[in-house]
Every structure is written in structure tokens, then in C-alpha cells.
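Here is how the chains run, residue by residue.
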Amino acid sequence: MKDSTFITRVVLKNYKSIAACDVRLGSLTFLVGRNGSGKSNFLDALRFVADALNSSLGHAIRDRGGINDVCRRSRGHPNHFSIRLEFVVLPEGFTGHYAFQIRKRPPGGYEVQTEECSVQNKSCLTSEAYFRVESGTVTDTSVEVAPAVAPDRLYLVNASGLPEFRSVYDAFSRMGFYNFNLDKIRGFKDLDPADILMEDGSNLTSILAQLTQLSPAVKTDIEEYLALVVPDIREVDVKAFGSKQILAFRQKVGEDRYPGRFLTNNMSDGTLRALGILVALFQGGNEQQRRVSLVGIEEPEIALHPAAAGVLLDALRDAAHRTQVIVTTHSPDLLEDKHIDVESILAVETDDGNTVIAPVDEVGRSVLHDRLFTVGELLRVDQLRPDPNQTPLANREKTKQLDLFDSNKKEY
Ligand SMILES: Nc1ncnc2c1ncn2[C@@H]1O[C@H](COP(=O)(O)OP(=O)(O)OP(=O)(O)O)[C@@H](O)[C@H]1O
Ligand SMILES: [Mg+2]
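Residues numbered from 1 in each chain as written. Chains lettered and ligands numbered in written order. Predicted model: local features only at pLDDT ≥ 70, side-chain atom pairs only at ≥ 80, totals over all residues.

What to know about the site of ligand 1
Phase 1: Taken together, 15 residues are adjacent to ligand 1, and S17, N35, K39, S40 and N41 come closest.
Phase 2: For the shell around ligand 1, the element with the highest residue contribution is helix α1 (residues 39-54), accounting for three residues.
Phase 3: The class makeup of the residues in the shell around ligand 1 is one nonpolar, nine polar and five charged. (Near = placed C-beta within 6 Å. Helix = DSSP H or I, 4+ residues; strand = E, 2+ residues; numbered from the N terminus. Nonpolar A, V, L, I, M, F, W, Y, C, P; charged D, E, K, R; others polar.)

As C-alpha cells, then:
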């Protein structure tokens, strides 16, 4: 089976609490660590890229409270933050990287100091599309007629008009990040033409209606998973009332032969959350053009009974065959399975206010290798620690040499 991994490596510098991070990702990743360690900040850096491309850089920064809240606060007063993402764009298999550094411009302003994108076509290694922009000027590009630059905007948005950068732009803008708000899921909803589930789940009804029509088999899979989490649920459908829509569940009631119908307002928090997670994971259905490149979910275990953790893990694994999945979790039950690959865990810790993110350390690895404990058991006793040898912070000198941009390393 094809690997669904879209983002293969994440390098961050001065993003919120993360001074420096350089990690590799696979198709399914679990971020674990104590409260306030920086798990959500890591996920937020990826969400930042999607937001900045879908709306605008200014919007993404304002939405997070301004440049001073996005840039790491520390004694050294860093005046910039940087994100580098290495990727494989499916189904074409284009590989490359996208990186930018945003610099503060007083008072409260910002500019794109450097932005770089390079895309290689695997089947034809000689062809490479690239651009590099520095403070409002295209300094290098493979493109004959380069679109204009604005120093306060990401150039990839403009470059997406060119066929060589289109699929990269689409893949970055089709990442979905979820932190559900059940009040936004409940009730009657207007039809939403968007084909990606919103972060708070507010267009869940529309997305499920689209799935029912376009990929009925996937919708049935969702119902089957849901029935394993909430045993009496039989079906979930979207009912239209004039221009409004609402989720309607069929649920077994007492000895009645026919399951009763319940609207969202009557459904339990756990049921709605489980449905939200399942729709987030499988929202692309079988339609290539609806494919979501990456799904990030904050603590999917919230409001679920521990006995449902195995079902949740199965659903995450199943979805990770088609879409890259990253979850933050505090649930030992979710990680109880003996076959969880230690490579899929990223341990997150704070060191003097700095977030450290890395694969599990040697001690944890050897315990897991010898099957002395499960990942879940190690999480329960707080023994999933980032490997100090695999973090850029291990060596302060190295922090300065994070590989953010390729242009310094090679001549185009
Ligand atoms: N600009 C910034 N500079 C430095 N630290 C920051 C910045 N923005 C946020 N933080 C710190 O990041 C921490 C929160 O990190 P985050 O929300 O990622 O934690 P978490 O691991 O998701 O925790 P939880 O498990 O409780 O959700 C806070 O301690 C906050 O002070
Ligand atoms: Mg969090």
C-alpha cells in the first residue's frame, strides 16, 4: 500500500514555545507530553501554514494574537520565526520543501524575510521548480515570468497560479486541524459548500451529507466505527428542513423493533465527538480531488469511554492509510496496543520554558523493544521522554545551524 505521508520533516525555529525543532513524521504520529509542554504549539505551526495560504499571512498572525504572540518570547528576544516543511505530494509523488522566515517589523508589523520552495518530479529528476524570495524580491527562480511579490504575503499563494507549484499549494492548504466545539455541531445548519471539515466541526452536517452522496461506502465505515464506540447507534443521516440541515441518528431504544430517531440536540457529547473525529479522518472519501493531505486532531480521546480507545486507534490507523494523521494525546488507553510503533511517538517536554520535541529516548526504546511495557504504560508513568541526542537544543551551536533554507547549501 502507498504511504500516505505528506509532511516528512518539520523544522521550526522560534515558533511560540518552540525554540528549535527538527523532526521526521510518518503516516501516523502521536504527540505526548505533560500539560503546557508544547504539543498544540507544534500542531499549530502546521495549521499556521494552512491558514496563511488559505486566508492570508496577516490573518494567520492576527488570529494568533499578533506577531509578538507567534514569535517565541524569551530573554534573547528573537525577532523572527521560521518554518520548514519537507513533503511528498500525492498522488504525483512530487518531493521538495517549503520554508519561510517571518521577521518582526516594529511596531507590531512583520515581513517575509525569506521564502523558498522547491519541487522535484520524482519520475524526471532533472526537472526542478523553485523560487526564493527575500524581503519583497524574487532572488532566484526556475520560472520564466515570475508573479509579483508583496513583502507581507506568502509568495506561494501567487506562485500557485503556475502549474509547477499548484499541487504543493493545494496540499498545504488542504490540511485539517480539529478541536471540536459541540455547540457548533448541534442544531440546524445552513448548507456549506466547503469540502473540508472546519476546525470546530461546525460544518460536520454538510460534510457528512457530501460523503453520503459521493462515497457511501466510506459513510458506512464511519457508521460501523461509531456503532463500536456507541453500541446502540445504527445509522447517522442528514435530514433537510427547508434550507437547513441537521444530523439525525437512528438508535436502538429499549425493546422497540425499530430504532428511534434522535437529532443532535439529544445526542451525547461522546457520540458527537466520535462522529466528528471519524468524519475528520475519513472526510476525503474515495474522491481524489477531495483528498485531505493531513489531519491533526487534539486529544481525540476526550469524552470517550476507555473501552472505546481500541476502536479509536483502529480508526486512526485505518485513516492513516489514506491521509497523514497527527494526534496529541494524554490517553494511556489509546496507546495500550503492543504493536504501536515507537517511531510513531514524538515526546514533548519543556526545558526552562523551551519546548523540546524528539523521538522517545534510548531507555524508553529499549523497554518497548523488550516488550516490558506498552507505550501506554510508559505514558502513565511519565517515562516517554524526548531523546536528548535527537534534539537541536542538545547543542546550542547547532540551533543556529538548523537547516531551514537550501539556498545557502547549493547553487541552483
Ligand atoms: N510566543 C510564545 N513564546 C513562548 N512560549 C509560548 C508562546 N506562546 C505560548 N507559549 C507557551 O506554550 C505553552 C502552551 O503550549 P501548548 O498549548 O502547546 O501545550 P500542550 O502541550 O498542548 O498542553 P496541553 O496538554 O495542556 O494541551 C504555554 O506554557 C505558553 O506559555
Ligand atoms: Mg494542547
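Quick look at the pairing of strand β11 (residues 233-241)
Every other side chain in a regular strand lies on the same face of the sheet, so the side chains alternate between the two faces.
Phase 1: Here β11 runs beside strand β12 (residues 244-251); their pairing, made up of eight bridges, is antiparallel. Within β12, the position partnered with D237 by the bridge is A248.
Phase 2: Hairpin remark: β11 followed by β12, antiparallel, with two residues in the connecting loop; positive phi at G242, about 60°. (Pairing = 2+ DSSP bridges.)

So, the nonpolar core
Phase 1: In terms of nonpolar packing, the biggest core is built from 120 residues, with L278, V279, L281 and L316 touching the most fellow members.
Phase 2: There are two domains that each give this core at least three residues, and those are domain 1 (1-174 + 293-412) and domain 2 (182-290).
Phase 3: Apart from the residues lying within four places of it in its own chain, the contact partners of L281 are V295, A315, L316, A319 and V325. (Core = buried A, V, L, I, M, F, W, Y, C linked by C-beta atoms within 7 Å. Buried ≥ 20, exposed ≤ 12 C-beta atoms within 10 Å, placed from the backbone. Domains from an automatic or database assignment. Contact = placed C-beta atoms within 7 Å.)

With respect to the domain arrangement of the protein chain
Much of the literature gives interface size as the accessible area that the parts lose upon coming together.
Phase 1: Here the domain parsing of the protein chain yields domain 1 (1-174 + 293-412) and domain 2 (182-290).
Phase 2: Relative to domain 2, the C-alpha centre of domain 1 lies at a distance of 30 Å.
Phase 3: Listed per partner, the contact involves 16 residues of domain 1 and 15 residues of domain 2.
Phase 4: Of all elements in the fold, only β14 (294-298) and α10 (309-319) reach the threshold of two or more residues within the side of domain 1 that touches domain 2.

Here's the deal with the sheet that holds strand β15 (residues 324-328)
Phase 1: Reading across from one edge, β9-β14-β15-β3-β16-β17 is the order of the six strands in this open sheet, with mixed pairing throughout. Strands at the two margins of the open sheet, each flanked by one partner only, are β9 (175-178) and β17 (354-359). On average, adjacent strands in this sheet sit at an angle of 20° to one another, irrespective of strand direction.
Phase 2: Examined bridge by bridge, strand β3 (residues 28-33) and strand β16 (residues 345-351) share four bridges and lie parallel to one another. Across the sheet, L31 pairs through a bridge with L346, a residue of β16.
Phase 3: Contacts from α10 reach β3, β14 and β15, with the element oriented near 145° to β15. (Axes fitted to C-alpha atoms, helices over the stretch in contact; angles between N-to-C directions.)

A closer look at the pairing of strand β8 (residues 137-141)
Phase 1: Judged from the four bridges that link them, strand β7 (residues 128-134) and β8 form a sheet pairing that is antiparallel. In the strand pairing of β8, F131 is matched with T141.
Phase 2: In sequence, β7 turns back onto β8 through a hairpin of two residues, with S135 there showing a positive phi of about 40°.

Details of the environment of F94
Phase 1: Among the secondary structure elements, F94 is positioned in strand β5 (residues 94-105).
Phase 2: A C-alpha to C-alpha distance of 21 Å links F94 and N286, two positions 192 residues apart in sequence.

Thoughts on helix α8 (residues 216-229)
Phase 1: For α8, built from 14 residues, the straight-helix expectation of 20 Å at 1.5 Å per residue is met to within 8% by its first-to-last C-alpha distance of 20 Å.
Phase 2: In the core, the buried residues of α8 are packed alongside α7 (204-214), β11, α9 (269-282) and α10. (Expected span 1.5 Å × (residues − 1).)

Section: the packing of α9 against α10
Phase 1: Across the interface, α9 lies against α10 with an axial gap of 9 Å and an inter-helix angle of 15°. Judged on the interaxial angle alone, α10 and α9 are roughly parallel. Helix-helix and strand crossings are classified by hand; for α9 and α10 the assignment is left-handed. Along the contact surface, α9 presents L278, L281 and F282, while α10 presents A315, L316 and A319.
Phase 2: Of the residues contributing to the contact of α9 with α10, the split by class is six nonpolar, no polar and no charged. (Parallel < 35°, antiparallel > 145°, perpendicular 65-115°, else oblique. Left-handed = near helix turned anticlockwise from the far one by under 90°.)

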